[in-house]
Amino acid sequence: MIKGFIFDLDGVITDTAELHYAAWKKLSNDMDWQFDRELNEKLRGISRMDSIKVIMDYNNVSLGEDTIVELATKKNDIYVESLNGMTQEDYLPGAEELLTHLRSEGFNVALGSASKNAEKVLKQLNATRYFDIIGDGNSVSRSKPAPDIFLYASEKMGLPPENCIVFEDAEKGIDAAKAGKFYSVGIGPKERVGHADVRFDTMKQATLFEVKSHFKDLF
Ligand code: BG6
Ligand code: MG
């Protein structure tokens, strides 16, 4: 039986990819590194430190750990500043409707995000009230594709993985859900999240009615 839902944040509840892109681009320009939207796609779902390492590898750059942390912090300052422009209008279409519906039907709802800025993003959206539990980049040390963040969220909800559905837009996020033995809903193209149990192109299509009809025996 499904009793709980765990949502990734970036790319599921709201689209921050463009803001991450702009911040990494600014840092890359300052450092004279190559960075484009294709490379930005590879950062979907992975932690800030893993992200900077992907960008450095692409540019054949190696630096000491302290410098890497300093540069990642610089990128984060730019990103956090840009979050100030985010408002309650910035939900991905369908996301707030689904959260409202889940609350009204009495499901447990948790966040399972790799971001250390999740609380700020939720606050900007005025979305904190939809979540019983907030699992973010500060909650666990191993990031996706490790299942830890989803296991943290389900444990805090008091539910085993087989009672929970994870919503994810990242390939590594679906890998993490599967590694933790959660049911999964992928949001995005087949090439990215085709390995999820159920896939929708966008959150707008992921209504509770549709989700229930795909996982019929579990409701
Ligand atoms: C994920 C994003 O949700 O959070 C990644 O998809 C990002 O692109 C990661 O790198 C970490 O975010 P933050 O806010 O801690 O830098
Ligand atoms: Mg995501």
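The following refers to the structure shown. (Residues numbered from 1 in each chain as written. Chains lettered and ligands numbered in written order. Predicted model: local features only at pLDDT ≥ 70, side-chain atom pairs only at ≥ 80, totals over all residues. Heavy atoms only, no water.)

Here we look at the coordination of the magnesium ion (ligand 2)
Stage number 1. The protein atoms that coordinate the magnesium ion (ligand 2) are Asp8 (OD), Asp10 (O) and Asp169 (OD), at distances of 2.0 to 2.1 Å.
Stage number 2. Summarised as a motif, the one-chain spacing of the donors to the magnesium ion (ligand 2) is D-x1-D-x158-D. An identical accessibility class is assigned to Asp8 and Asp10; each is buried. (Donors = N, O, S within 2.8 Å, 3.2 Å for Na, K, Ca; no water. Buried < 20%, exposed > 50% of the residue type's maximum accessible area, 1.4 Å probe, protein only.)

Regarding the site of ligand 1
Stage number 1. For ligand 1, the set of nearby residues contains 14 residues, the closest of which are Asp10, Ile46, Ser115, Lys116 and Asn117.
Stage number 2. Measuring from an oxygen atom of ligand 1, one finds a backbone N or O atom of Lys116 at 2.7 Å.
Stage number 3. Asn117 places a polar side-chain atom, nitrogen or oxygen, 2.7 Å from an oxygen atom of ligand 1.
Stage number 4. In the complex, the protein chains occlude 96% of the 400 Å² of accessible area that ligand 1 would expose alone.
Stage number 5. Across the shell around ligand 1, the residue classes tally to 4 nonpolar, 6 polar and 4 charged.
Stage number 6. Residue assignment places the shell around ligand 1 across two domains, with domain 1 (4–14 + 91–218) and domain 2 (17–83) each supplying three or more. (Near = heavy atom within 4 Å. Polar contact = N/O pair within 3.5 Å; in protein donor to acceptor, adjacent residues only side chain to side chain. Areas by Shrake-Rupley, 256 points an atom, 1.4 Å probe, with all protein chains shown as cover. Nonpolar A, V, L, I, M, F, W, Y, C, P; charged D, E, K, R; others polar. Domains from an automatic or database assignment.)

Re the sheet that holds strand S3 (residues 133–135)
Stage number 1. Here 6 strands make up an open sheet; going across it, the order is S3-S2-S1-S4-S5-S6 and the pairing parallel. The outermost strands of the open sheet, each flanked by one partner alone, are S3 and strand S6 (198–200). Strand-to-strand twist of the sheet, defined as the mean angle between neighbouring strand axes without regard to direction, takes the value 20 degrees.
Stage number 2. Against the sheet, helix H7 (residues 148–157) touches strand S1 (4–7), strand S2 (108–112), S3 and strand S4 (164–168), its axis set at about 150 degrees to S2.
Stage number 3. Sitting on the sheet, helix H8 (residues 171–179) is in contact with S4 and strand S5 (183–187), with an inclination near 175 degrees to S5. (Pairing = 2+ DSSP bridges. Helix = DSSP H or I, 4+ residues; strand = E, 2+ residues; numbered from the N terminus. Axes fitted to C-alpha atoms, helices over the stretch in contact; angles between N-to-C directions. Contact = heavy atoms within 4.5 Å.)

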